[in-house]
Amino acid sequence: MKITLTKTKKVKPDYGKLGFGKYMSDHMLVMDYADGAWGDAEIIPYGDFNIDPATQILHYGQGIFEGLKAYKTHDGKITLFRPRDNFIRMNNSANRLCMPALDIDKVLDALYELVKVEEDWIPTAEGTSLYIRPAMYCSNVFLGVKSGTKYRFFIAVCPVGAYYENGLAPTKIFIEDFYTRSSIGGTGEAKCIGNYAASLIGQEKAHKLGYDQALWLDAKDKKYIEEVGAMNIFFVIGDTVVTPALSGSILPGITRDSALKVLKKNGYKVEERKISVDELVAAQNSGELREMFGTGTAAVISPVGEFTYKDEKYTVGNGQMGKITGFLYDTITGIQKGKIEDTFGWVIKIK
Ligand SMILES: *Cc1c(COP(=O)(O)O)cnc(C)c1O
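The notes below deal with the structure included here. One numbering rule holds for all chains: residues counted from 1, following each sequence as written. Local features in this predicted model are restricted to residues of pLDDT 70 or higher, and side-chain atom pairs are both shown and tallied only at a pLDDT of 80 or more, whereas totals for entire chains, interfaces and linings draw on every residue. Water and hydrogen atoms were dropped before computing side-chain values, which therefore reflect all heavy atoms in the structure.

**So, the site of the ligand**
Where we set the bar: Throughout, near means a residue has at least one heavy atom within 4 Å of the molecule or strand. Pairs of N or O atoms within 3.5 Å make up the polar contacts considered here, provided that, within protein, one atom can donate a hydrogen while the other can accept it, and that residues adjacent in sequence are counted only when both atoms are side-chain atoms. Areas reported here follow the Shrake-Rupley algorithm with a probe of radius 1.4 Å; residue values treat only the protein chains shown as occluding. Three categories are distinguished: nonpolar for Ala, Val, Leu, Ile, Met, Phe, Trp, Tyr, Cys and Pro, charged for Asp, Glu, Lys and Arg, and polar for the others, with Gly belonging to the last.
Not every one of the 14 residues close to the ligand is listed here, only the nearest: K191, Y196, E227, T255 and T297. Within the side chain of K191, an N or O atom sits 2.7 Å from an oxygen atom of the ligand. In the environment of the ligand, a nitrogen atom lies 2.5 Å from a nitrogen or oxygen atom belonging to the side chain of E227. For the ligand, whose accessible area on its own is 380 Å², the fraction buried by protein is 96%. Classifying every residue of the shell around the ligand gives five nonpolar, five polar and four charged.

**What about helix 4 (residues 193-208)?**
The criterion, for reference: Counting from the N terminus, the helices are the DSSP runs of H or I reaching at least four residues and the strands are the DSSP runs of E reaching at least two. Under the convention used throughout, the expected extent of a helix is 1.5 Å for every residue step, that is, one less than its residue count. Bend is computed residue by residue as the angle between axes fitted to the seven residues ending at the residue and the seven residues starting at it. Each residue gets one of three labels from its accessible area relative to the maximum for its type: buried under 20%, exposed over 50%, partly exposed in between, using a 1.4 Å probe on protein chains only. The contact criterion used is simple: two residues touch if any of their non-hydrogen atoms lie within 4.5 Å.
An ideal rise of 1.5 Å per residue puts 22 Å on 16 residues; helix 4 measures up with 23 Å between its terminal C-alpha atoms. The sharpest bend along helix 4 reaches about 35° and sits at L200. All buried positions along helix 4 are accounted for by N195, Y196, S199, G202 and A206. Of the surrounding secondary structure, the elements contacted by the buried residues of helix 4 are strand 5 (63-65), strand 10 (171-176) and strand 11 (213-217).

**A few points about the pattern of salt bridges**
Defined as follows: Here, a salt bridge means any Lys or Arg side-chain nitrogen found within 4 Å of an Asp or Glu carboxyl oxygen.
Per the stated rule, a full pass over the model turns up 23 salt bridges. In this structure, D85 engages R82 in a salt bridge whose closest nitrogen and oxygen atoms are separated by 3.2 Å. Judged by relative accessible area, which is 8%, R82 ranks as buried. Taking the shortest distance from any N to any O, the salt bridge between K339 and E126 comes out at 2.9 Å. Residue K339 is located in the loop between helix 7 (323-336) and strand 19 (347-349), and its partner E126 is located in the loop between helix 3 (104-117) and strand 8 (129-138); the two are separated by 213 residues in the primary sequence. By relative accessible area, K339 is classed as exposed at 53%. Each member of the salt-bridge network shares a partner with another, and the members are R82, D85, D257 and K261.

**Focus: unusual backbone geometry**
Located in the positive-phi region is C98, a residue other than glycine, with phi close to 55°. Within the element layout of this structure, C98 appears in the loop between helix 2 (83-96) and helix 3. A relative accessible area of 53% means that C98 is categorised as exposed. The backbone of D311 shows a phi angle near 70°, a positive value even though the residue is not glycine. Tracing the sequence through the fold places D311 in the loop between strand 17 (300-309) and strand 18 (312-315). Judged by its relative accessible area of 78%, D311 is exposed.

**Considering the packing of helix 5 (residues 254-265) against helix 7**
Between two packed helices, the angle of one axis relative to the other and the distance separating the axes together describe the packing. Heads up, the rule is: Axes, fitted as lines to C-alpha atoms, cover a helix only where it is in contact. Angles between the N-to-C directions of the axes lie from 0 to 180 degrees. By definition in this entry, angles of less than 35 degrees are roughly parallel, angles greater than 145 are roughly antiparallel, angles of 65 to 115 are roughly perpendicular, and the rest are oblique.
Helix 7 packs onto helix 5 with a crossing angle of 105° between their chain directions and a minimal axis gap of 10 Å. By the angle between their directions, the pair helix 5 and helix 7 is classed as roughly perpendicular. Listed contacts from helix 7 to S258, A259, V262 and L263 of helix 5 are I324, F327, L328, T331 and I332. In terms of residue class, the contact of helix 5 with helix 7 is built from seven nonpolar, two polar and no charged.

What follows is the structure, given as C-alpha coordinates:
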(Lines give C-alpha, C1' and ligand atoms only; values in the text may rest on other atoms or scores of the structure.)
Protein backbone atom coordinates (compact mmCIF):
# COMPACT_ATOMS: atom_id res chain seq x y z
CA MET A 1 0.00 0.00 0.00
CA LYS A 2 1.22 3.47 -0.85
CA ILE A 3 1.57 5.76 2.14
CA THR A 4 2.29 9.47 1.63
CA LEU A 5 2.87 11.28 4.89
CA THR A 6 2.21 14.96 5.38
CA LYS A 7 4.99 17.20 6.56
CA THR A 8 2.69 19.92 7.83
CA LYS A 9 0.95 18.30 10.79
CA LYS A 10 -2.09 19.90 12.31
CA VAL A 11 -1.98 21.18 15.87
CA LYS A 12 -3.79 18.68 18.11
CA PRO A 13 -7.01 19.91 19.70
CA ASP A 14 -7.44 20.12 23.48
CA TYR A 15 -8.14 16.45 24.27
CA GLY A 16 -10.16 17.53 27.29
CA LYS A 17 -12.69 19.36 25.08
CA LEU A 18 -13.07 17.14 22.06
CA GLY A 19 -16.81 16.95 21.57
CA PHE A 20 -17.75 14.73 18.65
CA GLY A 21 -16.73 14.90 14.99
CA LYS A 22 -15.03 18.29 15.09
CA TYR A 23 -11.34 17.58 14.54
CA MET A 24 -10.16 15.46 11.64
CA SER A 25 -6.66 13.94 11.78
CA ASP A 26 -3.64 14.44 9.48
CA HIS A 27 -4.21 11.54 7.06
CA MET A 28 -6.99 9.67 5.30
CA LEU A 29 -7.31 6.52 3.28
CA VAL A 30 -8.69 6.52 -0.26
CA MET A 31 -9.41 3.70 -2.69
CA ASP A 32 -11.11 4.05 -6.06
CA TYR A 33 -13.24 1.63 -8.05
CA ALA A 34 -13.26 1.65 -11.85
CA ASP A 35 -13.48 -0.88 -14.69
CA GLY A 36 -15.10 -3.44 -12.41
CA ALA A 37 -12.38 -3.56 -9.76
CA TRP A 38 -11.05 -1.75 -6.71
CA GLY A 39 -7.63 -0.17 -7.06
CA ASP A 40 -5.02 -0.06 -4.31
CA ALA A 41 -5.72 1.71 -1.04
CA GLU A 42 -3.57 4.77 -0.39
CA ILE A 43 -2.94 6.76 2.74
CA ILE A 44 -2.55 10.43 1.90
CA PRO A 45 -2.59 13.77 3.73
CA TYR A 46 -6.12 14.71 4.82
CA GLY A 47 -7.62 17.18 2.37
CA ASP A 48 -10.41 18.18 0.01
CA PHE A 49 -11.82 16.05 -2.77
CA ASN A 50 -12.23 17.81 -6.07
CA ILE A 51 -15.83 17.18 -7.08
CA ASP A 52 -17.28 17.97 -10.51
CA PRO A 53 -20.71 19.60 -10.07
CA ALA A 54 -22.28 16.78 -12.12
CA THR A 55 -20.92 14.02 -9.87
CA GLN A 56 -23.65 11.45 -9.18
CA ILE A 57 -23.42 11.63 -5.40
CA LEU A 58 -24.40 15.33 -5.35
CA HIS A 59 -27.65 14.65 -7.23
CA TYR A 60 -28.84 11.12 -6.59
CA GLY A 61 -27.18 10.27 -3.31
CA GLN A 62 -25.64 6.89 -4.01
CA GLY A 63 -23.60 6.95 -0.83
CA ILE A 64 -23.12 4.84 2.30
CA PHE A 65 -21.04 5.06 5.46
CA GLU A 66 -19.97 3.28 8.61
CA GLY A 67 -18.84 4.27 12.10
CA LEU A 68 -16.53 2.47 14.49
CA LYS A 69 -13.88 3.30 17.06
CA ALA A 70 -10.24 2.62 17.91
CA TYR A 71 -8.88 2.83 21.45
CA LYS A 72 -5.56 3.10 23.19
CA THR A 73 -5.43 0.86 26.24
CA HIS A 74 -3.75 1.79 29.52
CA ASP A 75 -0.70 -0.29 28.50
CA GLY A 76 -0.31 1.53 25.17
CA LYS A 77 -1.89 -1.07 22.86
CA ILE A 78 -4.17 0.00 20.01
CA THR A 79 -7.45 -1.87 19.66
CA LEU A 80 -10.58 -1.77 17.50
CA PHE A 81 -14.02 -3.04 18.46
CA ARG A 82 -15.66 -5.58 16.10
CA PRO A 83 -14.31 -3.87 12.94
CA ARG A 84 -15.12 -6.79 10.64
CA ASP A 85 -18.81 -6.48 11.52
CA ASN A 86 -18.82 -2.89 10.26
CA PHE A 87 -17.46 -3.90 6.86
CA ILE A 88 -19.85 -6.85 6.58
CA ARG A 89 -22.63 -4.34 7.20
CA MET A 90 -21.07 -1.88 4.75
CA ASN A 91 -21.20 -4.57 2.06
CA ASN A 92 -24.88 -5.16 2.88
CA SER A 93 -25.48 -1.42 2.53
CA ALA A 94 -23.50 -1.42 -0.75
CA ASN A 95 -25.67 -4.25 -2.07
CA ARG A 96 -28.88 -2.34 -1.24
CA LEU A 97 -27.57 0.80 -2.96
CA CYS A 98 -26.28 -1.09 -6.06
CA MET A 99 -22.66 -0.30 -5.17
CA PRO A 100 -19.66 -2.64 -5.40
CA ALA A 101 -18.66 -4.83 -2.46
CA LEU A 102 -15.38 -4.29 -0.64
CA ASP A 103 -12.73 -6.93 -0.09
CA ILE A 104 -13.11 -6.96 3.69
CA ASP A 105 -9.67 -8.38 4.54
CA LYS A 106 -7.93 -5.88 2.28
CA VAL A 107 -9.90 -2.96 3.72
CA LEU A 108 -9.27 -4.05 7.31
CA ASP A 109 -5.52 -4.26 6.68
CA ALA A 110 -5.57 -0.79 5.12
CA LEU A 111 -7.60 0.59 8.04
CA TYR A 112 -5.16 -0.85 10.59
CA GLU A 113 -2.30 0.89 8.74
CA LEU A 114 -4.18 4.20 8.82
CA VAL A 115 -4.89 3.91 12.55
CA LYS A 116 -1.22 3.13 13.21
CA VAL A 117 -0.13 6.15 11.13
CA GLU A 118 -2.54 8.28 13.21
CA GLU A 119 -1.59 6.69 16.54
CA ASP A 120 -0.90 10.02 18.24
CA TRP A 121 -4.45 11.14 17.36
CA ILE A 122 -5.96 8.46 19.62
CA PRO A 123 -6.97 10.14 22.89
CA THR A 124 -6.73 8.08 26.06
CA ALA A 125 -8.92 9.79 28.69
CA GLU A 126 -12.10 8.16 30.00
CA GLY A 127 -14.89 8.23 27.41
CA THR A 128 -12.61 9.22 24.51
CA SER A 129 -11.60 7.27 21.40
CA LEU A 130 -10.61 7.64 17.77
CA TYR A 131 -13.79 7.65 15.70
CA ILE A 132 -13.39 5.99 12.30
CA ARG A 133 -15.61 7.02 9.41
CA PRO A 134 -15.47 4.79 6.33
CA ALA A 135 -17.66 6.01 3.47
CA MET A 136 -18.28 5.28 -0.20
CA TYR A 137 -19.85 7.36 -2.95
CA CYS A 138 -20.53 7.20 -6.66
CA SER A 139 -17.95 9.36 -8.43
CA ASN A 140 -19.25 9.13 -12.00
CA VAL A 141 -19.86 12.46 -13.66
CA PHE A 142 -23.29 12.30 -15.30
CA LEU A 143 -26.85 13.48 -14.88
CA GLY A 144 -29.25 10.56 -14.96
CA VAL A 145 -30.65 8.19 -12.40
CA LYS A 146 -28.71 4.97 -12.71
CA SER A 147 -26.06 3.26 -10.67
CA GLY A 148 -22.52 4.23 -11.47
CA THR A 149 -19.37 2.50 -12.64
CA LYS A 150 -16.93 4.55 -10.56
CA TYR A 151 -16.82 4.79 -6.78
CA ARG A 152 -14.58 6.30 -4.17
CA PHE A 153 -14.12 4.62 -0.81
CA PHE A 154 -12.41 6.60 1.91
CA ILE A 155 -11.76 6.49 5.64
CA ALA A 156 -11.35 9.59 7.78
CA VAL A 157 -10.61 9.48 11.51
CA CYS A 158 -11.12 11.96 14.33
CA PRO A 159 -10.49 11.97 18.08
CA VAL A 160 -13.79 12.15 19.97
CA GLY A 161 -15.10 12.61 23.48
CA ALA A 162 -18.61 11.96 24.71
CA TYR A 163 -21.27 12.06 21.95
CA TYR A 164 -23.65 14.08 24.05
CA GLU A 165 -22.27 17.22 25.64
CA ASN A 166 -23.81 16.29 28.97
CA GLY A 167 -22.28 12.79 28.81
CA LEU A 168 -24.37 10.04 30.36
CA ALA A 169 -27.15 12.34 31.58
CA PRO A 170 -30.57 10.85 30.77
CA THR A 171 -32.05 12.17 27.52
CA LYS A 172 -35.57 13.34 26.75
CA ILE A 173 -37.22 11.82 23.72
CA PHE A 174 -40.22 12.72 21.62
CA ILE A 175 -42.25 9.92 20.05
CA GLU A 176 -42.70 11.08 16.46
CA ASP A 177 -46.04 9.98 15.01
CA PHE A 178 -46.02 11.84 11.70
CA TYR A 179 -42.57 11.70 10.10
CA THR A 180 -40.96 8.30 9.58
CA ARG A 181 -37.34 7.21 9.14
CA SER A 182 -37.67 3.94 7.34
CA SER A 183 -40.10 1.46 5.83
CA ILE A 184 -40.04 -2.21 4.89
CA GLY A 185 -38.49 -2.49 1.44
CA GLY A 186 -36.81 0.90 1.81
CA THR A 187 -33.26 1.74 2.83
CA GLY A 188 -33.61 1.91 6.62
CA GLU A 189 -31.62 -1.30 7.10
CA ALA A 190 -28.70 0.21 5.19
CA LYS A 191 -26.38 2.94 6.49
CA CYS A 192 -27.10 5.07 3.43
CA ILE A 193 -26.66 8.80 3.55
CA GLY A 194 -30.17 9.75 2.43
CA ASN A 195 -31.71 8.19 5.54
CA TYR A 196 -30.07 10.83 7.68
CA ALA A 197 -31.15 13.74 5.51
CA ALA A 198 -34.72 12.41 5.69
CA SER A 199 -34.60 12.13 9.48
CA LEU A 200 -33.42 15.71 10.11
CA ILE A 201 -36.92 17.19 10.09
CA GLY A 202 -38.07 14.86 12.88
CA GLN A 203 -34.92 15.58 14.84
CA GLU A 204 -35.36 19.34 14.43
CA LYS A 205 -38.98 19.12 15.47
CA ALA A 206 -37.95 17.22 18.62
CA HIS A 207 -35.22 19.79 19.37
CA LYS A 208 -37.62 22.71 18.92
CA LEU A 209 -39.99 21.11 21.40
CA GLY A 210 -37.14 20.74 23.91
CA TYR A 211 -36.23 17.08 23.37
CA ASP A 212 -32.88 15.47 22.62
CA GLN A 213 -34.05 12.91 20.07
CA ALA A 214 -37.02 11.65 18.09
CA LEU A 215 -38.22 8.11 18.60
CA TRP A 216 -39.32 6.56 15.31
CA LEU A 217 -42.38 4.39 14.82
CA ASP A 218 -43.01 1.96 11.98
CA ALA A 219 -44.05 3.71 8.77
CA LYS A 220 -47.14 1.57 8.05
CA ASP A 221 -49.13 1.61 11.30
CA LYS A 222 -47.24 4.25 13.35
CA LYS A 223 -47.73 1.79 16.14
CA TYR A 224 -44.53 -0.19 16.67
CA ILE A 225 -41.33 1.26 18.08
CA GLU A 226 -38.28 1.10 15.80
CA GLU A 227 -35.34 3.31 16.81
CA VAL A 228 -34.40 6.50 18.63
CA GLY A 229 -32.46 9.09 16.61
CA ALA A 230 -29.70 7.06 14.95
CA MET A 231 -29.61 4.52 17.77
CA ASN A 232 -31.35 1.25 18.52
CA ILE A 233 -33.68 1.28 21.52
CA PHE A 234 -34.08 -0.98 24.56
CA PHE A 235 -36.63 -1.16 27.40
CA VAL A 236 -36.52 -2.88 30.75
CA ILE A 237 -40.07 -4.04 31.47
CA GLY A 238 -40.40 -5.92 34.74
CA ASP A 239 -37.34 -8.19 34.76
CA THR A 240 -37.13 -8.50 30.96
CA VAL A 241 -35.01 -6.46 28.57
CA VAL A 242 -36.94 -5.88 25.34
CA THR A 243 -35.71 -4.48 22.02
CA PRO A 244 -37.55 -4.31 18.69
CA ALA A 245 -36.76 -7.32 16.49
CA LEU A 246 -34.86 -6.56 13.27
CA SER A 247 -37.90 -6.16 11.07
CA GLY A 248 -36.34 -5.01 7.82
CA SER A 249 -36.73 -1.32 8.62
CA ILE A 250 -34.35 -1.20 11.59
CA LEU A 251 -30.60 -0.66 11.27
CA PRO A 252 -28.86 -3.74 12.71
CA GLY A 253 -26.62 -2.01 15.24
CA ILE A 254 -23.40 -3.65 16.37
CA THR A 255 -23.80 -2.07 19.81
CA ARG A 256 -27.34 -3.51 19.89
CA ASP A 257 -25.92 -6.95 19.16
CA SER A 258 -23.16 -6.48 21.77
CA ALA A 259 -25.73 -5.41 24.40
CA LEU A 260 -27.91 -8.46 23.68
CA LYS A 261 -24.92 -10.80 23.97
CA VAL A 262 -23.62 -9.22 27.19
CA LEU A 263 -27.10 -9.38 28.74
CA LYS A 264 -27.62 -13.05 27.77
CA LYS A 265 -24.20 -14.02 29.05
CA ASN A 266 -24.96 -12.38 32.38
CA GLY A 267 -28.26 -14.21 32.82
CA TYR A 268 -30.69 -11.43 31.94
CA LYS A 269 -33.96 -12.29 30.24
CA VAL A 270 -33.98 -10.64 26.81
CA GLU A 271 -36.60 -10.50 24.10
CA GLU A 272 -36.31 -9.29 20.51
CA ARG A 273 -39.86 -8.72 19.38
CA LYS A 274 -42.37 -6.16 18.22
CA ILE A 275 -43.18 -3.62 20.90
CA SER A 276 -45.97 -1.13 20.37
CA VAL A 277 -46.07 2.35 21.77
CA ASP A 278 -49.36 1.35 23.48
CA GLU A 279 -47.53 -1.45 25.31
CA LEU A 280 -44.85 1.03 26.35
CA VAL A 281 -47.39 3.48 27.78
CA ALA A 282 -49.27 0.63 29.54
CA ALA A 283 -46.00 -0.64 31.08
CA GLN A 284 -45.20 2.90 32.19
CA ASN A 285 -48.66 3.39 33.75
CA SER A 286 -48.50 0.07 35.61
CA GLY A 287 -45.03 0.86 36.94
CA GLU A 288 -43.48 -2.04 35.01
CA LEU A 289 -41.29 0.15 32.79
CA ARG A 290 -38.03 0.41 34.72
CA GLU A 291 -35.45 1.62 32.20
CA MET A 292 -35.06 2.82 28.63
CA PHE A 293 -31.84 3.36 26.69
CA GLY A 294 -30.43 3.78 23.19
CA THR A 295 -27.40 1.94 21.78
CA GLY A 296 -24.94 3.03 19.08
CA THR A 297 -21.21 3.30 18.47
CA ALA A 298 -21.08 7.06 19.02
CA ALA A 299 -22.71 7.25 22.48
CA VAL A 300 -22.41 3.48 23.25
CA ILE A 301 -25.32 3.47 25.73
CA SER A 302 -27.56 6.50 26.19
CA PRO A 303 -30.11 6.45 29.03
CA VAL A 304 -33.57 7.87 28.38
CA GLY A 305 -35.10 9.69 31.36
CA GLU A 306 -38.28 11.05 29.84
CA PHE A 307 -40.53 10.50 26.83
CA THR A 308 -43.53 12.26 25.36
CA TYR A 309 -46.27 10.65 23.31
CA LYS A 310 -49.27 12.58 22.01
CA ASP A 311 -48.71 15.54 24.37
CA GLU A 312 -48.41 13.30 27.43
CA LYS A 313 -45.08 13.43 29.25
CA TYR A 314 -43.76 10.36 31.12
CA THR A 315 -40.73 9.99 33.42
CA VAL A 316 -38.93 6.66 33.12
CA GLY A 317 -38.22 5.15 36.56
CA ASN A 318 -36.96 8.02 38.71
CA GLY A 319 -35.64 9.88 35.66
CA GLN A 320 -32.08 8.76 36.38
CA MET A 321 -29.92 6.16 34.66
CA GLY A 322 -31.13 2.65 35.55
CA LYS A 323 -29.08 -0.28 36.88
CA ILE A 324 -29.06 -2.40 33.72
CA THR A 325 -28.28 0.67 31.60
CA GLY A 326 -25.27 1.47 33.81
CA PHE A 327 -24.15 -2.16 33.86
CA LEU A 328 -24.18 -2.30 30.06
CA TYR A 329 -22.33 0.99 29.69
CA ASP A 330 -19.63 -0.10 32.13
CA THR A 331 -19.31 -3.58 30.63
CA ILE A 332 -19.19 -2.62 26.95
CA THR A 333 -16.89 0.39 27.42
CA GLY A 334 -14.80 -1.72 29.84
CA ILE A 335 -14.31 -4.41 27.17
CA GLN A 336 -13.58 -1.74 24.56
CA LYS A 337 -10.95 -0.05 26.73
CA GLY A 338 -9.36 -3.34 27.82
CA LYS A 339 -10.39 -2.96 31.48
CA ILE A 340 -12.73 -5.95 31.36
CA GLU A 341 -11.68 -9.26 29.80
CA ASP A 342 -13.16 -9.78 26.33
CA THR A 343 -14.65 -13.28 26.31
CA PHE A 344 -16.47 -12.63 23.03
CA GLY A 345 -13.52 -12.14 20.65
CA TRP A 346 -14.65 -8.58 19.86
CA VAL A 347 -11.46 -6.64 20.55
CA ILE A 348 -8.87 -6.66 17.74
CA LYS A 349 -5.40 -5.66 18.84
CA ILE A 350 -3.44 -4.02 16.02
CA LYS A 351 -0.42 -2.90 18.01
C1 LIG B 1 -25.40 3.41 12.96
C2 LIG B 1 -26.81 3.32 13.42
C3 LIG B 1 -27.20 2.61 14.58
C4 LIG B 1 -26.21 2.03 15.54
O5 LIG B 1 -25.37 1.07 14.98
P6 LIG B 1 -24.01 0.71 15.74
O7 LIG B 1 -23.41 -0.34 14.88
O8 LIG B 1 -24.38 0.23 17.08
O9 LIG B 1 -23.22 1.95 15.78
C10 LIG B 1 -28.55 2.51 14.87
N11 LIG B 1 -29.48 3.10 14.09
C12 LIG B 1 -29.15 3.81 12.99
C13 LIG B 1 -30.22 4.40 12.17
C14 LIG B 1 -27.80 3.94 12.63
O15 LIG B 1 -27.47 4.65 11.57
